[in-house]
Amino acid sequence: MSTYLNHSVAYQQGSEQQAASRQPTASTFGGVQELVPSRYALRVGDIDVVVISDGVLPLPTSTMSTNADPAARAAWFKDMYLGPDAFDWALNVLVVRSGEQIILVDAGLGGQFPGFPRAGQLPKRLEAAGIDLGSVTDVVVTHMHMDHVGGLLVDEVKNRLRADVRIHVSATEVAFWETPDFTQTVMPSPVPDVLRATARQFIDTYRSKVRTFDDEYQVAPGVVVKLTGGHTPGHSVVYVNSGGERLTFAGDALFPVAFEHPDWHNGFEHDPEESVRVRMRLMREAAASGEWFVATHLPFPSVGRVAVDGEAFRWIAAFWDY
């Protein structure tokens, strides 16, 4: 593990050097340390929703397109002014308030990768947004990958959650991580071991608080978590419905390349072919309804809409309301 962490530090430094020539950097004018406050709030009918950035995680561009032609991959990332070999993968978390319930959807990376200090920002960014972890009544886990449950394992979170917090995760997901199958994934060799260890630690820590569901479950009025499978067998999405408006939090069902290339596989997908079917269905539904659409790894604040574009799709980012 120490060898991998040393590698991760070197990899991050290299990816940050790549990004420096392509991305704006935070100004220190007036003591400002961030480009933007890492939260974005909106309302869906009578329900309050806040997108919180857990930071960014540098990853190889090949992870987004394991079955793509290398030339096509290189062209896409060049057109997006990203890469050529690595890019910053956004990590977004949702906080939802419906009536008396406050729901945290996923929890970011936490401290699972000490070599990536720009991720694992959730505790301080919740605090900056004025959100008290002690007020969270429910947590929804879309799936048990480390960048979704790792944040629940750090002391700043564990020690602040209320004793009666309910953690909702699909029964299929819990069962999968008892003996997980990585045969269809394409990951660096240490990663599956870290994923296994993190999932096991999550269950060991929160077993008494976990509430499993089979197909779907209404967490609060207008807030439903529904099993999709694909990315992991128990991967789920969250639907927020109120006053005739809807928002879908798609978790890891899709990634930045998915709109133009929905058939490109991601190296972290446990069932790549099913993942394609899931994201195609979700994007068709979103395009037909015109609903707000948010996903874990779309660039912050990851709020926008989906449109059909021939046989593929187009992402229409929301104009910021400020």
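All values derive from a computational prediction rather than experimental measurement.

K.L.:
Which residues make up the nonpolar core, and what values do they have?
P.N.:
What tends to happen in soluble globular proteins is that the nonpolar side chains get buried as a cluster. With 55 residues, the main nonpolar core has Val141, Met144, Leu152 and Phe202 as its most contacted residues. In terms of residue count, the dominant contributor to this core is helix H7 (residues 190-206) (seven residues). Residue contacts for Leu152: discarding those within four places in its chain leaves Ala107, Val139, Val141, Val157, Lys158, Leu161, Phe202 and Tyr206.

K.L.:
So what about the sheet that holds strand S7 (residues 210-213)? Which residues, and what values?
P.N.:
Reading across the sheet, the seven strands line up as S1-S2-S3-S4-S5-S6-S7 and stay open at both edges, with mixed pairing between neighbours. Taken across any chain shown, the strands that pair with only one partner, and hence form the sheet edges, are strand S1 (39-44) and S7. On average, each strand axis in the sheet is tilted by 25° relative to the strand beside it, whichever way the strands run. Inspection of the sheet shows strand S3 (residues 86-98) paired to strand S4 (residues 101-105) by five bridges, in the antiparallel sense. In the strand pairing of S4, Arg97 is matched with Ile102.

K.L.:
Pulling in residues and values, what's your account of the pairing of strand S11 (residues 245-249)?
P.N.:
As defined by bridge partners, strand S10 (residues 236-242) adjoins S11 across five bridges and the pair is classed as antiparallel. Across the sheet, Val240 pairs through a bridge with Leu247, a residue of S11. Connecting S10 to the next strand, S11, in antiparallel fashion are two residues, including Gly243 with a positive phi near 60°. Across three bridges, the pairing between S11 and strand S12 (residues 292-294) is parallel. Residue pairing in the sheet places Thr248 in a bridge with Phe293 of S12. Chirality of the crossover, the property in question, places the unit of S11, helix H8 (residues 272-289) and S12 among those that are right-handed.

About the criteria used
- Residues numbered from 1 in each chain as written.
- Predicted model: local features only at pLDDT ≥ 70, side-chain atom pairs only at ≥ 80, totals over all residues.
- Heavy atoms only, no water.
- Core = buried A, V, L, I, M, F, W, Y, C linked by side-chain atoms within 4.5 Å.
- Buried < 20%, exposed > 50% of the residue type's maximum accessible area, 1.4 Å probe, protein only.
- Helix = DSSP H or I, 4+ residues; strand = E, 2+ residues; numbered from the N terminus.
- Contact = heavy atoms within 4.5 Å.
- Pairing = 2+ DSSP bridges.
- Axes fitted to C-alpha atoms, helices over the stretch in contact; angles between N-to-C directions.
- Right-handed = clockwise from strand over helix to strand, strands pointing away.

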